[in-house]
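# Fold and geometry: a report
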Amino acid sequence: MRRVRAAVTETPGAPFTVRDADLEDPRPHEVLVRMTAAGICHTDLGMRDTWPRHLTPMVFGHEGTGRVEAVGAEVTGVVPGDHVCLTFASCGTCEQCAAGHPAYCHASRARNFSGGRDDGTTPLSLDGAPLHAGFFGQSSFATHAVVHERGVVKVSSDLPAAVAAPLGCGGQTGAGTVLNRLRPEPGSSLVVLGAGGVGLSALMAAVAVGCDPVVAVDPVASR
Ligand SMILES: [Zn+2]
Ligand SMILES: [Zn+2]
């Protein structure tokens, strides 16, 4: 158990309040990550406003990046000190996970949107009472998070934290749409409507696979 700080949503729609909280040590397949950056996605704000009251207080945040501080006894993929990005949780054993589609994991709801682990527990507590977590398997609006090892992706130590963080949602949503679903031929034209984190990630993926021309449409000129 360790003392951490988290941006807590006390009731649905309430502003984030920074609170001291307690975080359990990682279980055998879990990893303790000290957050170095976290993106704010529109989904954090939208779900904060519509989140079920019985799953509050809650910690949101699902674009986290940081360094591994401790690992559970069964973890093999990372070691303390590794730089990592966090991503959504999946079970690894259902037919969707086995087919290489963890985003469609049958246990997705329990592992990402239940306010904690799939067994109903949460690694966080606030004044001795459960503090719900596990948002997209992360709850990265905190100094630390305990997450399942399947949601931890090792990244290069020279990747700036502010660049790494959005890979956990915006990066893979935008790039994944182009690389995994659209799969354009080199030389295809591609238009991205909306050049935020998702759109710019799609744009970079389109450039990387040789789309030409690539056009971004956005009302903000600096993008
Ligand atoms: Zn998101
Ligand atoms: Zn699964």
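On a predicted model such as this, the values are computed, not experimentally measured, just so you know. (Residues numbered from 1 in each chain as written. Chains lettered and ligands numbered in written order. Predicted model: local features only at pLDDT ≥ 70, side-chain atom pairs only at ≥ 80, totals over all residues. Heavy atoms only, no water.)

## Some thoughts on the overall build of the protein
- The number of helices and strands found in the protein is six helices and 12 strands.
- Taken over C-alpha atoms, the radius of gyration comes to 18 Å for the protein, in line with the 17 Å a tight globule of 223 residues would show.
- Considering only C-alpha atoms, the protein reaches an extent of 55 × 40 × 35 Å along its principal axes.
- Looking at the protein residue by residue over its 223 residues, the buried ones come to 44%.
- Taking contacts inside the protein between residues at least 6 apart in sequence as the whole, the part at least 24 apart equals 67%.
- Within the structure as shown, the protein displays about 11100 Å² of accessible surface, and the carbon and sulfur contribution to it stands at 56%.
- The averaged location of the 21 negative side-chain charges in the protein is 2 Å from the averaged location of its 17 positive side-chain charges. (Helix = DSSP H or I, 4+ residues; strand = E, 2+ residues; numbered from the N terminus. Rg over C-alpha atoms; globule rule 2.2 N^0.38 Å. Buried < 20%, exposed > 50% of the residue type's maximum accessible area, 1.4 Å probe, protein only. Contact = heavy atoms within 4.5 Å. Areas by Shrake-Rupley, 256 points an atom, 1.4 Å probe, with all protein chains shown as cover. Lys, Arg positive; Asp, Glu negative; His and termini not counted. Charge placed at Lys NZ, Arg CZ, Asp CG, Glu CD.)

## Details of the nonpolar core
- Formed by 21 residues in total, the largest nonpolar core has its most connected members in Val59, Leu124 and Leu131.
- Of all the elements in the fold, those that place two or more residues in this core are strand 1 (2-9), strand 2 (16-23), strand 4 (58-59) and strand 7 (124-126).
- No other element matches strand 1, which puts four residues into this core.
- In contact with Leu124, other than residues within four places in its own chain, are Val4, Ala21, Asp22, Leu23, Val59, Pro130, Leu131 and Ala133.
- Formed by 11 residues, the second largest nonpolar core is a distinct cluster that contains Val33, Val68, Val75 and Leu86. (Core = buried A, V, L, I, M, F, W, Y, C linked by side-chain atoms within 4.5 Å.)

## Comments concerning the sheet that holds strand 9 (residues 144-148)
- One open sheet holds the five strands; their spatial order is 9-3-5-6-10, and the pairing between them is antiparallel. Each edge of the open sheet is held by one strand with a lone partner, namely strand 9 and strand 10 (152-154). The average undirected angle you get between the axes of adjacent strands in this sheet is 45°.
- Pairing between strand 3 (residues 30-38) and strand 9: five bridges, direction antiparallel. Considered in strand 9, the bridge of Arg34 is made with His144. (Pairing = 2+ DSSP bridges. Axes fitted to C-alpha atoms, helices over the stretch in contact; angles between N-to-C directions.)

## Section: the packing of aromatic side chains
- Going through the model one piece at a time under the given rule, you end up with seven aromatic pairs.
- Geometrically, the ring pair formed by Phe16 and Phe141 is edge-to-face, given 5.5 Å between the ring centres and 85° between the ring planes. Taken together, the residues Phe16 in strand 2 and Phe141 in the loop between strand 8 (129-131) and strand 9 connect sequence positions 125 residues apart.
- On the accessibility criterion, Phe141 (11% relative accessible area) is buried. (Phe/Tyr/Trp six-rings, centres within 6.5 Å; stacked < 30°, edge-to-face > 60°.)

## A few points about the domain arrangement of the protein
- In terms of domain boundaries, the protein breaks down into domain 1 (2-165) and domain 2 (170-217).
- The C-alpha centroid of domain 2 is placed 27 Å from the C-alpha centroid of domain 1. (Domains from an automatic or database assignment.)

## Considering the pairing of strand 6 (residues 83-86)
- Alignment of strand 5 (residues 64-71) against strand 6, held across three bridges, turns out to be antiparallel. Bridge pairing in strand 6 links Arg67 to His83.
- As defined by bridge partners, strand 6 adjoins strand 10 across three bridges and the pair is classed as antiparallel. For Cys85, the partnering residue across the bridge sits in strand 10 and is Val153.

## A look at the environment of Leu203
- Tracing the backbone shows Leu203 in helix 6 (residues 197-208).
- Residues contacting Leu203, with those up to four places away along its chain left out, are Val192, Val214 and Ala216.

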